[in-house]
Amino acid sequence: MKKIDLLHAPFVQEMIETTSNLYRLGWDERNGGNISYLLQEADVLPFIDTKTVIRQIPMNFNGKELAGRYFIVTGSGKYFKNISKNPDEGLGIVRIKEDGQTLELLWGFTDGGLPTSELPAHFMSHIERLKVDPENRIVMHNHATHLLAMTFTHELTERAFTRTLWQMCTECLVVFPEGVGIVPWIVPGTNEIGEATAEKMKEFRLVVWPHHGIYGAGKDMDEAFGLIETAEKAAQVYTYVMAQGGVKQTITDEQLVSLARGFNVVPREGYLK
Ligand code: 13P
Ligand code: ZN
């Protein structure tokens, strides 16, 4: 059966739109940032012949739990700025083989490129998020500017960091009541940072990488992007507040508790007095 041009696929359009927006927000300079989007076989079948494997790509970690799954992912070293111009070079569709150690490239990476170097953190995070939310589809990493800056000036405990973000915009507690996870500084692209990130993804949809950036996960692009946007906005407000001389008054814990009640969310236990 004749296939439809993949560039018309809604998930390719979403990847183009999102990477372009992220570039314009200044959170993905050069090749910074990466996105992985879990697809169903039915999503890709109208567009590609899933029996034709372009090449095999070895992985140096075990992704057996994702065997048979399809992802569209951003390429390593690819500039988000350029993805809209050359989507088939900057993006690739891969399927994880039964051995859990090899990827089958089905489309994209036309210049011989590889998936993001952060694939361990992405795939390990998908594995953990799917256990708590079978609807999870997206893992997104970027270098959101104010959050990154905050990791130099703010206490780096999850409780203190989360509380400050909650206090900076009234919406924050409603959007991420579970708070934000923080891993130690670890060399990017390693299995070690992947494992640390995935461990946090068991409980959080937002995970801060100190002095580097942030990870967000969600059931669709809007949720993952929206989470990062909201936390980043709070961090931006925090930056202005500090530049204006610091906090004179804030949202009290009592107010945060009534906010949670009003919006039917459960704030992470022990984070409010
Ligand atoms: P990639 O170009 O390999 O996706 O890496 C970018 C990045 O942000 C590393 O943390
Ligand atoms: Zn990065």
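The sections below set out a description of the structure shown in this document. Predicted, not measured: the structure shown is a model, and the values here were computed from it.

**Some points on unusual backbone geometry**
Backbone geometry places His-211, a non-glycine residue, at a positive phi of 60°. Position of His-211 relative to the elements: it lies in the loop between β8 (206-209) and β9 (213-218). With a phi close to 60°, Asn-264 is a non-glycine residue in the positive phi region. Among the secondary structure elements, Asn-264 is positioned in the segment after α11 (253-263). Take Asn-264: its relative accessible area is 73%, and that puts it in the exposed class.

**Some words on the pattern of salt bridges**
As enumerated under the stated definition, the model contains 12 salt bridges in all. For Glu-128, the salt bridge is made with Lys-131, and the minimal N-O distance between the two is 3.2 Å. Of the two residues, Glu-128 and Lys-131 are both situated in helix α5 (residues 119-132); the distance of 3 residues between them amounts to about one turn of the helix. Residue class for Lys-131 comes out exposed when judged on its relative accessible area of 52%. In this structure, Arg-205 engages Glu-178 in a salt bridge whose closest nitrogen and oxygen atoms are separated by 2.6 Å. Of this pair, Arg-205 sits in the loop between α9 (191-201) and β8 while Glu-178 sits in the loop between α8 (171-175) and β7 (181-182); the two residues are 27 residues apart in sequence, bridging distant segments of the chain. Relative accessible area serves as the criterion here: at 15%, Arg-205 is assigned to the buried category. Each of Glu-178, Arg-205, Lys-219 and Glu-223 takes part in salt bridges that share partners, so that together they form one network.

**Topic: the site of ligand 1**
The environment of ligand 1 is formed by Asn-31, Gly-32, Gly-33, Asn-34, Ser-76, Gly-77, Thr-116, Ser-117, Glu-118, His-141, His-143 and His-212. Measuring from an oxygen atom of ligand 1, one finds a side-chain N or O atom of Glu-118 at 2.5 Å. In the environment of ligand 1, an oxygen atom lies 3.4 Å from a nitrogen or oxygen atom belonging to the side chain of His-141. Considered on its own, ligand 1 offers 300 Å² of accessible surface; in the complex 92% of this is hidden by protein. Here the shell around ligand 1 is composed, by residue class, of no nonpolar, 11 polar and 1 charged.

**Considering the environment of Trp-107**
Examined against the element boundaries, Trp-107 turns out to sit in strand β5 (residues 102-108). We classify Trp-107 as buried; its relative accessible area is 13%. Separated by 60 residues in sequence, Trp-107 and Phe-47 have C-alpha atoms that sit 9.9 Å apart. In contact with Trp-107, not counting residues within four places along its chain, are Leu-6, Leu-7, Ile-48, Ile-54, Ile-72, Pro-87, Asp-88, Leu-91, Gly-92 and Ile-93.

**Details of the packing of aromatic side chains**
All chains considered together, the criterion is met by 6 aromatic pairs. Seen in terms of ring centroids, Phe-11 and Phe-47 are 5.9 Å apart; in terms of plane orientation they differ by 90°. Their pairing is edge-to-face. Of this pair, Phe-11 sits in helix α1 (residues 10-24) while Phe-47 sits in the loop between α2 (41-44) and β2 (55-58), and the two are 36 residues apart along the sequence. Looking at Phe-47, the relative accessible area reads 13%, which means it is buried. Ring plane angle 35° and centroid distance 4.6 Å describe the contact between Phe-71 and Phe-123, whose orientation is recorded as tilted. Of the two residues, Phe-71 is situated in strand β3 (residues 70-74) and Phe-123 in helix α5; the sequence distance between them amounts to 52 residues. A relative accessible area of 0% places Phe-71 in the buried class. Each residue in the set Phe-61, Phe-71 and Phe-123 is aromatic and connected to the rest through ring pairs, giving one cluster.

**Comments concerning the packing of helix α6 (residues 145-153) against helix α7 (residues 158-168)**
Geometry of a packed helix pair, given as the angle between the helix axes and the separation of the axes. Taken N-terminus to C-terminus, the directions of α6 and α7 make an angle of 135°; their axes are 12 Å apart at the nearest point. For the element pair α6 / α7, the angle class is oblique. Once α6 is placed against α7, the crossing between them reads as right-handed. On the side of α6, the interface is formed by Leu-147, Met-150 and Thr-151, while α7 contributes Phe-161, Thr-164 and Leu-165. Classifying every residue of the contact of α6 with α7 by side-chain character gives 4 nonpolar, 2 polar and no charged.

**Looking at the pairing of β5**
Taking burial as the measure, the 7 residues of β5 include 7 buried ones, the bulk of the element. Looking at chain direction, β2 and β5 are connected through 4 bridges and run antiparallel. When the bridges of β5 are listed, Gln-56 appears paired with Glu-104. Pairing analysis gives 5 bridges linking strand β4 (residues 91-96) to β5, with the strands arranged antiparallel. Opposite Ile-96, over in β5, you have Leu-103 as the bridge partner. The antiparallel pairing of β4 with β5 creates a hairpin that spans 5 residues between the two strands, and Gly-100 there sits at a positive phi of about 70°.

Reading guide: rules and limits
- Residues numbered from 1 in each chain as written.
- Chains lettered and ligands numbered in written order.
- Predicted model: local features only at pLDDT ≥ 70, side-chain atom pairs only at ≥ 80, totals over all residues.
- Heavy atoms only, no water.
- Helix = DSSP H or I, 4+ residues; strand = E, 2+ residues; numbered from the N terminus.
- Buried < 20%, exposed > 50% of the residue type's maximum accessible area, 1.4 Å probe, protein only.
- Salt bridge = Lys/Arg side-chain N within 4 Å of Asp/Glu carboxyl O.
- Near = heavy atom within 4 Å.
- Polar contact = N/O pair within 3.5 Å; in protein donor to acceptor, adjacent residues only side chain to side chain.
- Areas by Shrake-Rupley, 256 points an atom, 1.4 Å probe, with all protein chains shown as cover.
- Nonpolar A, V, L, I, M, F, W, Y, C, P; charged D, E, K, R; others polar.
- Contact = heavy atoms within 4.5 Å.
- Phe/Tyr/Trp six-rings, centres within 6.5 Å; stacked < 30°, edge-to-face > 60°.
- Axes fitted to C-alpha atoms, helices over the stretch in contact; angles between N-to-C directions.
- Parallel < 35°, antiparallel > 145°, perpendicular 65-115°, else oblique.
- Left-handed = near helix turned anticlockwise from the far one by under 90°.
- Pairing = 2+ DSSP bridges.

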